[in-house]
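What follows is each chain in one-letter form.
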Amino acid sequence: MKRGTESKLRLMVVDDEPDNLDLLYRTFRRDFEVFRADSALKALEILAQQGEMAIIISDQRMPEMLGTEFLSRTVDPYPDTIRIVLTGYTDVEDLVEAINSGKVFKYITKPWSPDSLKAVVQQAAETYRVIKQRTHELRRTLRRESIFNAVMTAIRGSLDYASMLQTIAATLGQTFEANHCILRPVENNALVPELFQYHAVAVSAANGSVDLLLDVLKHDPLVTIVLERCQMQTAHSIDEGQSLIKLVVPLTYQQDFLAILGLYRSGEASPWTKSDVELIEGVAEQAALAISQAKLYQRTQLQAEQMRAELAVARQIQGNLLRQSMPDLDGVKVQACCYPAREVGGDFFEVYAHPQGDIWLAVGDVSGKGVPAALFMASAISVLRRELSQETSPEPDVLMKNLNSILSEELISTNCFITMVLARYTPSSRKLVYANAGHIYPLVWSSLAVVAQAEGGDGVEPNYLKVRGVPLGILPNWKAAAGTLELNPGEILLLTSDGITEATIVGTDLADTSGKSPPIANAMLQQKGLWQLLLQEQQSLDLDHLLARIRAHNVVQEDDQTLLSLEVL
């Protein structure tokens, strides 16, 4: 079939015999663009000037150089060329070696049959086309992957959302050789005022009207069309005296319109090829995915900042709910400290001086952590203060029962509970009455006995107040006996939350100075370890100092930590 000049493959015939050269030329000139050479050296000159040939047909026996030697010299510069040898004798070793090494496609003996030669050449032409097509596809794939990797690497290196958009504009503008590139973010299917741009250095330096052109590109009607139709648009127009080739692409991800990318070539530049446009669309899809993830991350960061700000206010409010200063009390010293594990927590304490003279102490712990526990904590401390403010100082077990009755419905419905210790100390009688709703045992010890032990006396053990009932919110009706004892001068009552006794002590030895107690390391502190710490306190009890020692060896605070003490002077 006759082909147009543009579609003809290039074929070179090389032979030192003029008759053969003319015959080969006449045979293939209708179907190929034929180049003739009467020697191997002449053929090499033509190749140097004209470039790659689809097919080379060479005679084997030539004066300056054998055909197989000549063809071997074309392998490296033109690896896709199909090579055919014409031979008038049987030189088996040369031909076999040339064929096996891939330097020769086929050989044909002289005299040849025109039909056979045409069939071989036609087969060679088809082989060449397949090779070139696959080579083109491979190069296009490699280029696509290379551009994808370069663009995505640049995008992932962006620090934030705005930086990413600027990186996309600059990277795509440079990669696809645009003179100008504009990226317009889209929110709720409308353009936002902010835009990101790229201009080629040569254009920016040589053209003083870039700012004027940019103003024109901002109002490019093609952008409006893309925004309405959500489809890529191309155009060729004259703006501000400049010829512009326009390619405007929507950036969408899962039906979310994220941005519009405009690529512009000015001057005598050629339009983007079909494969370039396909590649730009593919890169745009990946850029849209990156923008979507960046927006999600930015939204998450803003929400996290807002949440942190709200939790900071909540922490301040919760801190204000607790006693900021202790009341002035004669004959006793009261201390308290509370550190939530998170911004807010479920631990609380109360110190209340009743008008009748009683001193009330309470430490409570709402199950769970964070905001839910903090809400119950606020409710519990509010109800507790209301009950304590009665005209007549109530009994601790009765007050605990009332608290359970008021809070149990909400606690049970939300599968929460509260552990709490309530203690009422009457200075006039030195009587301590306490009720315990599933909380850590309070400790009572004599500071005088501890001093005596430090001076070489017998070992001292604290009095654990073990009268205890179930936590609040477990049963509809709370019932447990109250415990009583007398506190003498020098004795100390300590209430703690389980955040203290369950703190994990890492990489330290908390054995007492006498060495009689076992070391505590990489394990829960527990009440025994807490007692060892109390024995090591050289001066009068300071809860802030004690808690600082615990926290120094507790790498991660896993629970709220609360301490409350009453010392009879």
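See above for the structure.
My aim in this report is to walk through the structure given alongside it, one point at a time. (Residues numbered from 1 in each chain as written. Predicted model: local features only at pLDDT ≥ 70, side-chain atom pairs only at ≥ 80, totals over all residues. Heavy atoms only, no water.)

Another aspect to go through is the nonpolar core. Judged by nonpolar contacts, the single largest core of 50 residues is most densely connected at F348 and L361. With 8 residues, helix 11 (residues 370-388) is the largest single contributor of residues to this core. Each residue touching L361, except ones within four places of it in the same chain, is listed here: V334, E350, V351, V421, L422, A423, L493, L495, L564 and L566. Residues V151, A200, L251 and A290 belong to the second largest nonpolar core, which totals 38 residues. (Core = buried A, V, L, I, M, F, W, Y, C linked by side-chain atoms within 4.5 Å. Buried < 20%, exposed > 50% of the residue type's maximum accessible area, 1.4 Å probe, protein only. Helix = DSSP H or I, 4+ residues; strand = E, 2+ residues; numbered from the N terminus. Contact = heavy atoms within 4.5 Å.)

Take the packing of helix 11 against helix 12 (residues 396-413) next. In the contact formed by helix 11 and helix 12, the axes pass within 10 Å of each other and the chain directions differ by 150 degrees. Taken together, helix 11 and helix 12 sit at an angle that is classed as roughly antiparallel. Crossing geometry of helix 11 relative to helix 12 is assigned as right-handed. Here F376, S379, A380, V383, L384, R386, E387 and L388 of helix 11 come into contact with helix 12, specifically with L399, N402, L403, I406, L407, E410 and L411. (Axes fitted to C-alpha atoms, helices over the stretch in contact; angles between N-to-C directions. Parallel < 35°, antiparallel > 145°, perpendicular 65-115°, else oblique. Left-handed = near helix turned anticlockwise from the far one by under 90°.)

Right, let's talk about the pairing of strand 10 (residues 242-253) for a bit. The two faces of a sheet get side chains in turn, since along a regular strand they alternate between them. Burial of strand 10 is extensive: 9 of the 12 residues sit out of reach of the surface. Pairing geometry for strand 10 and strand 11 (residues 256-266), over 10 bridges, is antiparallel. Looking across to strand 11, one finds that L247 is bridged to L263. Between strand 10 and strand 11, which pair antiparallel in sequence order, lie 2 residues; one of them, Q254, sits at a positive phi of approximately 50 degrees. (Pairing = 2+ DSSP bridges.)

Let us now look at the sheet that holds strand 3 (residues 55-59). Taken together, 5 strands build an open sheet; the order of strands is 2-1-3-4-5 and the sheet is parallel. The sheet is open, and its two borders are formed by strand 2 (32-37) and strand 5 (106-109), each paired with just one other strand. Averaged over all adjacent pairs, the angle separating strand axes in this sheet is 20 degrees, with direction ignored. Taken together, the 4 bridges between strand 4 (residues 82-87) and strand 5 define a ladder with parallel strand orientation. Looking at strand 5, one finds that L86 is bridged to I108. Most of the contacts of helix 5 (residues 114-156) go to strand 4, to which it runs at about 160 degrees, and overall it touches strand 1 (9-14), strand 2, strand 3, strand 4 and strand 5.

This part is about the environment of R10. Position of R10 among the secondary structure elements: in strand 1. Sequence spacing of R10 and M53 is 43 residues, and the spatial spacing of their C-alpha atoms is 5.1 Å. R10 has contacts with E33, F35, Q50, G51, E52, M53, A54 and I55, leaving out every residue within four places of it along the chain. A distance of 2.8 Å separates a polar side-chain atom of R10 from the backbone oxygen of Q50. (Polar contact = N/O pair within 3.5 Å; in protein donor to acceptor, adjacent residues only side chain to side chain.)

A word on the pattern of salt bridges. Oppositely charged side chains can form a pair if their charged atoms are brought close together. According to the stated counting rule, one finds 12 salt bridges in the structure shown. K110 is paired through a salt bridge with D15; the nearest N and O atoms lie 3.6 Å apart. One end of the pair, K110, is in the loop between strand 5 and helix 5; the other, D15, is in the loop between strand 1 and helix 1 (18-28), and 95 residues separate them in sequence. Note on K110: relative accessible area 23%, which makes it partly exposed. Between K295 and E187 there is a salt bridge, and its shortest N-O distance comes to 3.2 Å. (Salt bridge = Lys/Arg side-chain N within 4 Å of Asp/Glu carboxyl O.)

Spatially, the 5 strands line up as an open sheet ordered 13-14-15-16-19, and their pairing is antiparallel. Taken across any chain shown, the strands that pair with only one partner, and hence form the sheet edges, are strand 13 (347-353) and strand 19 (483-486). Taking each pair of neighbouring strands and ignoring which way they run, the sheet shows an average axis angle of 15 degrees. Inspection of the sheet shows strand 16 (residues 431-437) paired to strand 19 by 4 bridges, in the antiparallel sense. Considered in strand 19, the bridge of K431 is made with E486. Seen against the sheet, helix 11 touches strand 13, strand 14 (359-366) and strand 15 (418-426) and runs at an angle of roughly 15 degrees to strand 13. The sheet strands contacting helix 12 are strand 14, strand 15 and strand 16, and the helix crosses strand 15 at an angle near 155 degrees.

What follows concerns a positive patch on the surface. On the surface, a cluster of positive charge is made up of R26, R29, R30 and K118. As for its placement among the helices and strands, K118 is situated in helix 5. The partly exposed category is assigned to K118, whose relative accessible area is 43%. (Patch = residues over 30% accessible without salt bridge, like charges linked within 9 Å, V, L, I, M, F, W, Y side chains within 5 Å. Areas by Shrake-Rupley, 256 points an atom, 1.4 Å probe, with all protein chains shown as cover. Lys, Arg positive; Asp, Glu negative; His and termini not counted. Charge placed at Lys NZ, Arg CZ, Asp CG, Glu CD.)

A few words on the side chain of E567. Structurally, E567 is set in strand 23 (residues 561-568). Comment: no salt bridge for buried E567; closest opposite-charge side chain is K333, at 4.9 Å. Residues within four places of E567 in sequence aside, it is in contact with G331, V332, K333, S447, E491 and I492.

Moving on to helix 12. Between its terminal C-alpha atoms helix 12 stretches 25 Å, which fits the 26 Å expected from 18 residues at 1.5 Å a residue. At L407, helix 12 shows its largest bend, some 55 degrees. The set of residues buried in helix 12 consists of P396, L399, M400, L403, N404, L407, S408 and L411. Buried residues belonging to helix 12 abut strand 14, helix 11, strand 15 and strand 16. Following helix 12 by one or two positions, N415 adopts a phi angle in the positive range, close to 60 degrees. (Expected span 1.5 Å × (residues − 1). Bend = angle between axes of the 7 residues up to and from the residue.)

Looking now at unusual backbone geometry. For residues besides glycine, phi is generally negative; the peptide bonds are generally trans as well. With an omega dihedral of -15 degrees, the bond running from K110 to P111 counts as a cis peptide bond. Structurally, P111 is set in the loop between strand 5 and helix 5. Here the phi dihedral of N415 falls at roughly 60 degrees; this positive angle occurs in a residue that is not glycine. Among the secondary structure elements, N415 is positioned in the loop between helix 12 and strand 15. Residues other than glycine seldom take positive phi values, yet R430 does so here, at roughly 60 degrees. Relative to the assigned elements, R430 resides in the loop between strand 15 and strand 16.

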